[in-house]
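Listed below, chain by chain, are the residues.
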Amino acid sequence: MRVDDHALTGLQGLASDYASIMMDAEELSDLGLAILNSERDGRVVCAEIGTFVGQTATFALEVCRANGVDLKWLAIDPHGFFQGADEANPQGNLEELCRRISLSGGVDHILPLVCTSDRAASMLLPDFDLVVVDGFHSEEQASSDLRCYYPLLRRGGCLFLDDYVPAYPGVMAAWDAFSQAHQPKIIVQTWYVWAQKP
């Protein structure tokens, strides 16, 4: 989908509205562009690893609505089954996620999948237009998420990785090794990564 100036202005406004300490407005703007650039035949199918409370999913829904795109968003998070919660890896909240989905009118667009990302990947078929990786921030888990979900991404689909910052050296190491091995087309690499599968 080609994003015109009007759509870009609307996207930036939505990004400002949804910005938080988890994702700021600049990162959300680029995520919105990744979503719209992943669209095919009027829809986009996404998998998000690490949904937390659903703010990113509901942002994606608003971006798609504003641009006439049908969104199918798989919100993957173990929620209460996650045993390693800490300040860097907060516990997802299924009740809050469901509340946000309901308030946004997203019941037909956002599907919570309560399990680990590894388990979810083993049950999914390939053909995602976009994969958002924002799960547990260890090198081992970030590497596993990239390794498990990249094959599920269609050619030309986009990969969006959050928290490519020194505070999360495991995420940085996982991405650096992965990108060297797979050579995706890097569109943005700052404190997050937006890449496209060739």
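The notes below deal with the structure included here. (Residues numbered from 1 in each chain as written. Predicted model: local features only at pLDDT ≥ 70, side-chain atom pairs only at ≥ 80, totals over all residues. Heavy atoms only, no water.)

1. Here's the deal with the nonpolar core
Counting 33 residues, the largest nonpolar core has L31, I35, F59, L71, W73, L130 and F160 as the members making the most contacts within it. Of all the elements in the fold, those that place two or more residues in this core are α1 (5–18), α2 (25–38), β1 (43–49), α3 (55–66), β2 (70–76), α4 (94–104), β4 (128–133) and β5 (153–161). Excluding its chain neighbours within four sequence positions, the residues that come into contact with F160 are M23, E27, D30, L31, A34, L130, V131, V132, V133, Y192, V193 and W194. Formed by 29 residues, the second largest nonpolar core is a distinct cluster that contains V45, I49, A142 and W175. (Core = buried A, V, L, I, M, F, W, Y, C linked by side-chain atoms within 4.5 Å. Buried < 20%, exposed > 50% of the residue type's maximum accessible area, 1.4 Å probe, protein only. Helix = DSSP H or I, 4+ residues; strand = E, 2+ residues; numbered from the N terminus. Contact = heavy atoms within 4.5 Å.)

2. Brief notes about the pattern of salt bridges
This structure, assessed with the given rule, holds seven salt bridges. For D127, the salt bridge identified is with R40, shortest N-O distance 3.0 Å. Here R40 lies in the loop between α2 and β1 and D127 lies in the loop between α5 (117–123) and β4, a separation of 87 residues in the sequence. Residue D127 is classed as partly exposed on the basis of its relative accessible area, which comes to 42%. Across the pair K72 and D70 runs a salt bridge, and its minimum N-O distance is 3.8 Å. A cluster of three or more residues bridged by salt bridges with shared partners is formed by R40, D127, D129 and R154. (Salt bridge = Lys/Arg side-chain N within 4 Å of Asp/Glu carboxyl O.)

3. Topic: helix α6 (residues 139–149)
All of the buried residues along α6 are Q141, A142, S144, D145, L146 and Y149. The inward-facing, buried residues of α6 abut β1, β2, α5, β4, β5 and α7 (169–182).

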